[in-house]
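Listed below, chain by chain, are the residues.
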Amino acid sequence: MHLAAALGLGSSAAVAFVGAGGKKTAMGQLTVEGTDERYDVGYTTTTAMPPPSDLPLTLIDPDAWRADLEAHDPPIAVAREEVPDPARVDRKVRGLEASVVEQLSSVGLFDWLLIKADGARRREFKAPGDGEPVVPSTASHVVPVASVTAVGEPLTTDVVHRPERVADITDINVGETITPDAVGTVLTHPDGGLRNAPAGASVLPLINKADTEPQQRTARDVLTYSLSQTKRCSQGVITSFTSDICEVVSEADLQEAESDG
């Protein structure tokens, strides 16, 4: 798998992940790829996150973070503090203010800074709530994520974080079946995956958990609709981290396939 190449990352990038169904896994994959290329990789959040089990965690003082970070070699996970509740301290840390992440992006301590910019409560699909996502203005790439396994499921909290928000920006109601078009709409909607994306950032929707050929076909249907709804992005990525699939799908590819058909 070469996710970094699929996302068009160069030697310097600040990548904000939004949505549901694969943000942390994608960030973990990029951490491995970047480290293999000898890039200094930082892994952080502007909300909250479980600390990644395979990275050392550094808790920083927002007012004196440089000394804290220079004392540790990348790759590292960076956060502000542990969640005060002792029952949650091992699985949640509080993230950094966007302004601090913007400083981290600018000073050159990391070649790649990977940012989890919203939460999804382990659901497969979501639309952002009020105040979400918290995307730093220095993000060079924004990756809206959804799991293809949401397609065909009812629009309920069993599968979707904030289903009422999805209903607000699609043509389906809470409780109805989630369609490829509904997922595609949210990924590139101004009140969905494009919300708060910096004007200069590259946006690449990512459809994850396409483990089987039927799921890959469904993922292409999602991207076909998603890319048709915006001029902001011209390609997306289909992934399966369990089946080692990473496929770039461009608007031009889709148009060519349509004309051939």
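Residues numbered from 1 in each chain as written. Predicted model: local features only at pLDDT ≥ 70, side-chain atom pairs only at ≥ 80, totals over all residues. Heavy atoms only, no water.

**Regarding the overall build of the protein chain**
Then comes step 1: Across its full length, the protein chain holds eight helices and 15 strands.
Then comes step 2: At 18 Å, the protein chain has a C-alpha radius of gyration in line with the 18 Å of a compact globule built from 261 residues.
Then comes step 3: In terms of overall dimensions, the protein chain has C-alpha extents of about 60 × 35 × 35 Å along its principal axes.
Then comes step 4: For the protein chain, the residues scored as buried account for 48% of the 261 residues in total.
Then comes step 5: Residue pairs at least 24 apart in sequence account for 68% of intrachain contacts in the protein chain once pairs closer than 6 positions are excluded.
Then comes step 6: Carbon and sulfur atoms provide 43% of the accessible area of the protein chain, an area that totals close to 11,700 Å².
Then comes step 7: The protein chain carries 22 positive and 39 negative side-chain charges, and their two centres are separated by 6 Å. (Helix = DSSP H or I, 4+ residues; strand = E, 2+ residues; numbered from the N terminus. Rg over C-alpha atoms; globule rule 2.2 N^0.38 Å. Buried < 20%, exposed > 50% of the residue type's maximum accessible area, 1.4 Å probe, protein only. Contact = heavy atoms within 4.5 Å. Areas by Shrake-Rupley, 256 points an atom, 1.4 Å probe, with all protein chains shown as cover. Lys, Arg positive; Asp, Glu negative; His and termini not counted. Charge placed at Lys NZ, Arg CZ, Asp CG, Glu CD.)

**Digging into the pairing of strand β10 (residues 141–147)**
For a regular strand, side chains alternate in direction, first toward one face of the sheet and then toward the other.
Then comes step 1: Of all seven residues that make up β10, seven are buried, and the element is covered over most of its length.
Then comes step 2: Burial along β10 is two-sided: the face carrying H141, V143, V145 and S147 and the face carrying V142, P144 and A146 are both buried.
Then comes step 3: Of the pairings in the sheet, the one linking strand β1 (residues 13–19) to β10 comprises five bridges and is parallel in character. Directly across from G19, in β10, lies its bridge partner V145.
Then comes step 4: Pairing analysis gives three bridges linking β10 to strand β13 (residues 206–208), with the strands arranged parallel. In the sheet register, S147 faces β13, and the bridge partner there is N208. (Pairing = 2+ DSSP bridges.)

**With respect to the layout of surface pockets**
Then comes step 1: Approximately 480 Å³ is the volume attributed to the largest pocket.
Then comes step 2: Taken together, 23 residues make up the lining of the largest pocket; nearest its centre are K24, K116, A120, R121 and R122.
Then comes step 3: Of the residues belonging to the lining of the largest pocket, the class tally is four nonpolar, six polar and 13 charged. (1 Å grid on protein atoms, 1.4 Å probe; cavity = no way out; pocket = protein on both sides within 12 Å on 5 of 7 lines; lining within 4 Å. Points joined across faces, edges and corners; volume = space filled by probe spheres on them. Nonpolar A, V, L, I, M, F, W, Y, C, P; charged D, E, K, R; others polar.)

**Description of empty space enclosed by the protein**
Then comes step 1: Taken as a whole and assessed by the stated rule, the structure comprises one cavity of 30 Å³ or more.
Then comes step 2: The volume enclosed by the largest cavity comes to roughly 90 Å³.
Then comes step 3: In terms of lining residues, the largest cavity is bounded by 13 residues, among which V18, G19, K126, G192 and G193 are the most central.
Then comes step 4: Secondary-structure elements contributing two or more residues to the lining of the largest cavity are β1, β10 and α6 (180–187).

**Side note on the pattern of salt bridges**
Then comes step 1: Counted according to the given criterion, the structure contains 11 salt bridges.
Then comes step 2: When the shortest N-O distance is used, the salt bridge between D118 and K23 registers 3.5 Å. Taken together, the residues span a long stretch of sequence, with D118 in the loop between β8 (112–116) and β9 (125–126) and K23 in helix α2 (residues 23–36) at a distance of 95 residues.
Then comes step 3: Taking the relative accessible area as the measure of exposure, K23 reaches 6% and is therefore buried.
Then comes step 4: Overlapping salt bridges bring together K23, D118, K126, E132 and R162 as one network. (Salt bridge = Lys/Arg side-chain N within 4 Å of Asp/Glu carboxyl O.)

**Structural notes on the packing of α6 against helix α7 (residues 213–228)**
Then comes step 1: At a minimum axis distance of 8 Å, the contact between α6 and α7 shows a crossing angle of 50°. Taken as axis vectors, α6 and α7 run oblique relative to one another. As for the relative orientation of α6 and α7, their crossing is right-handed in sense. Of the residues in α7, those touching α6 at P180, D181, V183, G184, T185 and L187 are T218, D221, V222, Y225 and S226.
Then comes step 2: Looking at the contact of α6 with α7 residue by residue, the class counts come to five nonpolar, four polar and two charged. (Axes fitted to C-alpha atoms, helices over the stretch in contact; angles between N-to-C directions. Parallel < 35°, antiparallel > 145°, perpendicular 65-115°, else oblique. Left-handed = near helix turned anticlockwise from the far one by under 90°.)

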